[in-house]
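Per-entry structural report
As a plain string of letters, each chain reads:
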Amino acid sequence: MRFGPVDLEWVADNADRIGELAVEHIYYTVVAIGIGLIISLGLALLVRRIPRLYGPVLGVTGMLYAIPSLALFALLVPITGLTSVLTVEIALVSYTLLILTRNIVEGLRGVPPDAIEAASGMGYTPTQRLMRIELPLALPVIVAGIRIATVTTVGLVTLAALLGLGGLGYLIITIGTNRGSFGITATLTGIVLAVGLAVIADLALLAVQRALTPWARRRTG
Amino acid sequence: MDFIGEVAAWFADPTTWSGRNGIPSRLLEHLWISAVGLGMGAAIGLPLGLAIGHTGRGSLLVVSIANIGRAVPSLGLMGLAFLLLLPLGLGVGPFPAIVALTALAIPPIIVNTYAGLRGVDRELIEAARGMGMRASQVIWRLEVPVALPVILAGIRTSAVQVVATATLAGVIGGGTLGELIIIGFNTGDQVRVFGAALVVAALSIVTELGFAALQHAMASPGLRGRPIPPPEDPGQVAHAAGEV
């Protein structure tokens, strides 16, 4: 079946391969967000202990965020190699740090002082207070950051194809712009799946946040 | 010789600075393609943002644009523009990049212009109307000056994204500094890849700082000294519009 230049038969014939590329895409995204979260949590806790470091941390992660993705890949290639998952992941992780660190720090700062005092009064140790009071109360702001970082990362993973790796960018560029007849079909399939993945991930994270913070449901409506 | 030394030697080599694939020629191409894309994005995004922000109608549209704008991969925009312009004979050269960059520049400009205008104190607008200002006067004498820092923040976000993404034009043979990186990838010339990437990174940081300075300088004198608002997050805008 054809709709203008779009050939759905090509999509059906290549469904297996397209599925594999989508799974690879999800895998690259999940790894980047996971590692980015661990590093950002560490940075945020460091900033909590030494507030003076907030400016420099935002400066450095902001600088990383400003470097174009293709250039960041290129800067890493001599160190980590061209067709290397490591090159892609280092770049992807470094783009998540600004948003995640900022939102974790701001989320923790937004915890009402009364709640912290009450927890201390009840005999919570600082670690217990962090795990049971501060992080849960900061969760909506933290998840808001994870959502933005995830949607951005899903888009950036397409660039892995430029290094000869898979993911949906392989449909967009490697097949799409190189092989005439079904080029537009492949490129559009890649774009539609990438946008779809981003939207699904966004909604799923929102659902997770609502499930984890039942007390906030009235406010987020 | 160590790698850093080779990169330094590449920068010192006169051939790096001359010809079609010299840094000046590609840098100039990068800048004009970015400027046209940003200019066209502003020409489309600003009037739409002003109209939606002033009337308050179409906020759902803004939220959708903000979310989809973030989710569409810029590489996809570039590839699609290339494929759509190819049958028209415009696939080779700067045209696909300009179309893709225009599309990329529009969402942050619309979203911030909208958010800036919606953020203007309702009482100020009532007062302006009470003084007998017409709608156009309310927009140009009150809403735009008050919202200017936020509007400029949107233009800054777009500018930084456009200059960064112009690099991807190299992937579809559209020139720019990205072409130097891609040539380096294809010839296995890591020194050229690294050197060109350094130029791109420097250009991006200069763009970011330059537009931050512009934003500061252009703010209305009455608002000067206030902190510059950071670029708007679509998530926050969505929240403010009550859609999420």
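Small disclaimer: the values here were computed from a predicted structure and weren't measured.

1. Topic: the overall build of chain A
The helix and strand tally for chain A stands at 10 helices and two strands. When its helices and strands are written in sequence order, chain A yields β-β-α-α-α-α-α-α-α-α-α-α. A buried classification covers 48% of the 221 residues belonging to chain A. Taking the intrachain contacts of chain A between residues at least 6 apart in sequence as the baseline, contacts between residues at least 24 apart amount to 72%. Accessible surface for chain A amounts to roughly 10300 Å². Of this, 68% is attributable to carbon and sulfur atoms. If the 15 positive side-chain charges of chain A are averaged to one point and the 12 negative ones to another, these points end up 13 Å apart.

2. So, unusual backbone geometry
Although it is not a glycine, B:Thr176 adopts a positive phi angle of roughly 70°. Inspection of the secondary structure assignment puts B:Thr176 in the loop between helix 7 (135-165) and helix 8 (177-187).

3. Description of the packing of aromatic side chains
Scanning the entire structure with this criterion turns up four aromatic pairs over all chains. Judged by centre distance (6.4 Å) and plane angle (75°), the rings of A:Tyr65 and A:Tyr95 are edge-to-face. One end of the pair, A:Tyr65, is in helix 3 (residues 54-66); the other, A:Tyr95, is in helix 5 (residues 85-109), with 30 residues separating them in the sequence. Using a relative accessible area of 32% as the deciding quantity, one classes A:Tyr65 as partly exposed. Ring centres of B:Phe3 and B:Phe194 lie 5.3 Å apart, and the angle between their planes is 80°; this geometry places the pair in the edge-to-face category.

4. Thoughts on helix 5 of chain A
Residues and elements named next belong to chain A. Taking 1.5 Å of rise per residue, 25 residues should cover 36 Å, and helix 5 covers 36 Å from first to last C-alpha, within 8% of that figure. Maximum bend of helix 5: about 35°, positioned at Leu-97. In terms of residue burial, helix 5 counts as a mostly covered element, since 19 of its 25 residues are buried. Capping the start of helix 5 is the job of one residue whose side-chain oxygen sits 3.1 Å from the backbone nitrogen of Leu-86: Ser-84.

5. Remarks on the packing of helix 4 (residues 74-85) of chain B against helix 5 (residues 95-118) of chain B
Residue and element names in this part refer to chain B. Contact pair helix 4 / helix 5: the axes reach a minimum separation of 8 Å and the direction vectors enclose 135°. Here helix 4 is positioned oblique relative to helix 5, judged by the angle of their axes. Our pair here, helix 4 against helix 5, has a crossing hand that is right-handed. Residues Ser-74, Leu-77, Met-78, Ala-81, Phe-82 and Leu-85 of helix 4 pack against Phe-95, Pro-96, Ala-97, Val-99, Ala-100, Leu-101, Ala-103 and Leu-104 of helix 5.

6. Structural notes on the environment of A:Asp202
Residues and elements named next belong to chain A. With respect to the element layout, Asp-202 can be found in helix 9 (residues 183-212). Judged by relative accessible area, Asp-202 falls into the buried class, the value being 18%. Along the backbone, Asp-202 and Leu-212 are 10 residues apart, and their C-alpha atoms lie at a distance of 15 Å.

7. Some thoughts on the interface of chain B and chain A
Listed per partner, the contact involves 34 residues of chain B and 37 residues of chain A. A combined buried area of about 3000 Å² lies between chain B and chain A, and 82% of that area is made up of carbon and sulfur atoms. Viewed at the interface, chain A and chain B are joined by zero residue pairs in polar contact (both at pLDDT 80 or more). Examining the composition of the side of chain B that touches chain A, we find that 10 residues originate from one element, helix 9 (residues 190-218) of chain B, more than from any other. For the side of chain B that touches chain A, the class distribution of residues is 25 nonpolar, six polar and three charged.

8. Focus: the packing of helix 2 (residues 23-55) of chain B against helix 9 of chain B
Residues and elements named next belong to chain B. Two elements in contact, helix 2 and helix 9, have axes whose closest approach is 12 Å; the angle formed by their N-to-C orientations is 40°. By the angle between their directions, the pair helix 2 and helix 9 is classed as oblique. As helix 2 runs across helix 9, the sense of the crossing is right-handed. Residue-level inspection shows Ile-23, Leu-27, His-30, Leu-31 and Leu-38 of helix 2 in contact with helix 9, the latter providing Val-199, Leu-203 and Phe-211.

9. Topic: the confidence of the model for chain B
All names here are of chain B. Here chain B shows a mean pLDDT of 86. Residues at 70 or above account for 89%. By mean pLDDT, the top-scoring element of chain B is helix 2 (95), and the lowest-scoring one is helix 10 (residues 234-240) (41). A low-confidence stretch, residues 231-244 (pLDDT under 50), is modelled with 27 contacts involving residues beyond four sequence positions or located in other chains.

10. Observations regarding the side chain of B:Gln137
Residue and element names in this part refer to chain B. In this fold, Gln-137 is placed in helix 7. Within polar-contact distance, the side chain of Gln-137 engages the backbone nitrogen of Arg-134 at 2.8 Å. In contact with Gln-137, not counting residues within four places along its chain, are Gly-132 and Leu-142.

11. Overview of the pattern of salt bridges
When the charged atoms of two side chains with opposite charge come close together, those side chains can pair. Residue and element names in this part refer to chain B. The full count for this structure, using the stated rule, is nine salt bridges over all chains. Here Arg-156 ties to Glu-208 by a salt bridge, and the two come within 2.9 Å at their closest N and O atoms. Taken together, the residues Arg-156 in helix 7 and Glu-208 in helix 9 connect sequence positions 52 residues apart. Its relative accessible area of 13% is what places Arg-156 among the buried residues.

Cut-off values and rules
Residues numbered from 1 in each chain as written. Chains lettered and ligands numbered in written order. Predicted model: local features only at pLDDT ≥ 70, side-chain atom pairs only at ≥ 80, totals over all residues. Heavy atoms only, no water. Helix = DSSP H or I, 4+ residues; strand = E, 2+ residues; numbered from the N terminus. Buried < 20%, exposed > 50% of the residue type's maximum accessible area, 1.4 Å probe, protein only. Contact = heavy atoms within 4.5 Å. Areas by Shrake-Rupley, 256 points an atom, 1.4 Å probe, with all protein chains shown as cover. Lys, Arg positive; Asp, Glu negative; His and termini not counted. Charge placed at Lys NZ, Arg CZ, Asp CG, Glu CD. Phe/Tyr/Trp six-rings, centres within 6.5 Å; stacked < 30°, edge-to-face > 60°. Expected span 1.5 Å × (residues − 1). Bend = angle between axes of the 7 residues up to and from the residue. Polar contact = N/O pair within 3.5 Å; in protein donor to acceptor, adjacent residues only side chain to side chain. Axes fitted to C-alpha atoms, helices over the stretch in contact; angles between N-to-C directions. Parallel < 35°, antiparallel > 145°, perpendicular 65-115°, else oblique. Left-handed = near helix turned anticlockwise from the far one by under 90°. Buried area = accessible area lost by both parts, 1.4 Å probe. Nonpolar A, V, L, I, M, F, W, Y, C, P; charged D, E, K, R; others polar. pLDDT = per-residue confidence, 0-100. Salt bridge = Lys/Arg side-chain N within 4 Å of Asp/Glu carboxyl O.

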